[in-house]
Amino acid sequence: MTGVLRIEGLSVSYGGALAVDNVALAVPAGRIVALLGANGAGKSSLLQAVVGLVPSTVRQLSLGDTDLAGLSPERRADAGLSYVPEGRRVFPGLTVRENIEVGMDAGAAERGARVAGMLALFPDLADKASERAWRLSGGQQQMLAIARALVRRPRALLLDEPSLGLAPRVAQDVFHRLRAIADDGVAVLLAEQNAARALAIADEAVVLAHGSILLSGAAARLSPDDPVLTGLLAG
Ligand SMILES: Nc1ncnc2c1ncn2[C@@H]1O[C@H](COP(=O)(O)OP(=O)(O)OP(=O)(O)O)[C@@H](O)[C@H]1O
Ligand SMILES: [Mg+2]
């Protein structure tokens, strides 16, 4: 398997209960891998293990030439891994601009340039740069959460259910944006329950059920109506 993000033999257990069971997957630069699965399949646990937020055992976890296993979440982020958790966690009391600047480790001039770059990429946010984040719509908050992750110029971007709770058209906007981000060279790992929407923009898909990958392949070859897929997604 090739890929800028490589995961092999990754398992997560909570007090003896296996939530992710010996998973292997790779995400090449410029590609979107959709991580599909029913409620409780292990999608969030897998992403959190990759970013270092839950303990895991793993045979290989690397980003380019960097071995991520054993690194703190901060060091993994420094190595080029960005994560957008479920639920659009923006800082409601900070402005849009401040939200994007938070956590960016760069000098003032560089920071200004990067924020300007993000505002150019997300015109909806540019209009609201000085507004506090709580005033944004759900879709705008999701875009802001993505901008915050992207401003660090990650090599790999992991997202946990970015379409959750968004109106279909807004979700579609978010997904088109993810496609553009990948086309720019970022490796994108997208956990989603909405298989149809994820398959429409993904290059590859892996389907988790009870912590194991039971199905994987080119997204174009998987139909969201495929009975095997719908069976797995039903849990
Ligand atoms: N912090 C935790 N402590 C104990 N068990 C957990 C914890 N987090 C998740 N689990 C369990 O691990 C399994 C996988 O959960 P996880 O949240 O990773 O699945 P998911 O695919 O993200 O589900 P969802 O679609 O609901 O977000 C489930 O059985 C869940 O109950
Ligand atoms: Mg989840």
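The paragraphs below set out a description of the structure included in this document. (Residues numbered from 1 in each chain as written. Chains lettered and ligands numbered in written order. Predicted model: local features only at pLDDT ≥ 70, side-chain atom pairs only at ≥ 80, totals over all residues.)

## So, the sheet that holds strand β10 (residues 212-218)
Pairing in this open sheet of six strands is mixed, and the strands run β6-β7-β8-β3-β9-β10 from one edge to the other. The strands lining the two open edges of the sheet, one partner per strand, are β6 (81-84) and β10. Ignoring strand direction, the axes of neighbouring strands in this sheet form an average angle of 15°. Inspection of the sheet shows β6 paired to strand β7 (residues 156-160) by four bridges, in the parallel sense. Bridging across to β7, Y83 finds its partner in L158. Along the sheet face, helix α1 (residues 43-51) touches β3 (32-37), β6, β7, β8 (187-192) and β9 (204-209) and points at about 145° away from the line of β7. (Pairing = 2+ DSSP bridges. Helix = DSSP H or I, 4+ residues; strand = E, 2+ residues; numbered from the N terminus. Axes fitted to C-alpha atoms, helices over the stretch in contact; angles between N-to-C directions. Contact = placed C-beta atoms within 7 Å.)

## Focus on unusual backbone geometry
Even without being a glycine, N22 presents a positive backbone phi close to 55°. With respect to the helices and strands, the residue N22 is situated in strand β2 (residues 17-27). Under the C-beta neighbour-count criterion, N22 is labelled partly exposed, with 15 such atoms within 10 Å. Even without being glycine, R88 reaches a positive phi, approximately 45°. With respect to the secondary-structure elements, R88 resides in the loop between β6 and α3 (96-101). (Buried ≥ 20, exposed ≤ 12 C-beta atoms within 10 Å, placed from the backbone.)

## Let's talk about the site of ligand 1
Residues in close proximity to ligand 1 include Y14, A19, G37, N39, G40, A41, G42, K43, S44, S45 and Q193, which together make up its full environment. In terms of residue count, the dominant contributor to the shell around ligand 1 is α1 (three residues). Class assignment for the residues of the shell around ligand 1 results in three nonpolar, seven polar and one charged. (Near = placed C-beta within 6 Å. Nonpolar A, V, L, I, M, F, W, Y, C, P; charged D, E, K, R; others polar.)

## What about the sheet that holds strand β4 (residues 60-63)?
An order of β2-β1-β4-β5 is seen for the four strands of this open sheet, with the pairing classed as antiparallel. Here the strands that pair on one side only, and so sit at the sheet edges, are β2 and β5 (66-67). One ladder, built from seven bridges, connects strand β1 (residues 5-14) with β2; its direction is antiparallel. When the bridges of β2 are listed, V12 appears paired with V20.

## Brief notes about the pairing of β10
As defined by bridge partners, β9 adjoins β10 across six bridges and the pair is classed as antiparallel. Across the sheet, A205 pairs through a bridge with G217, a residue of β10.

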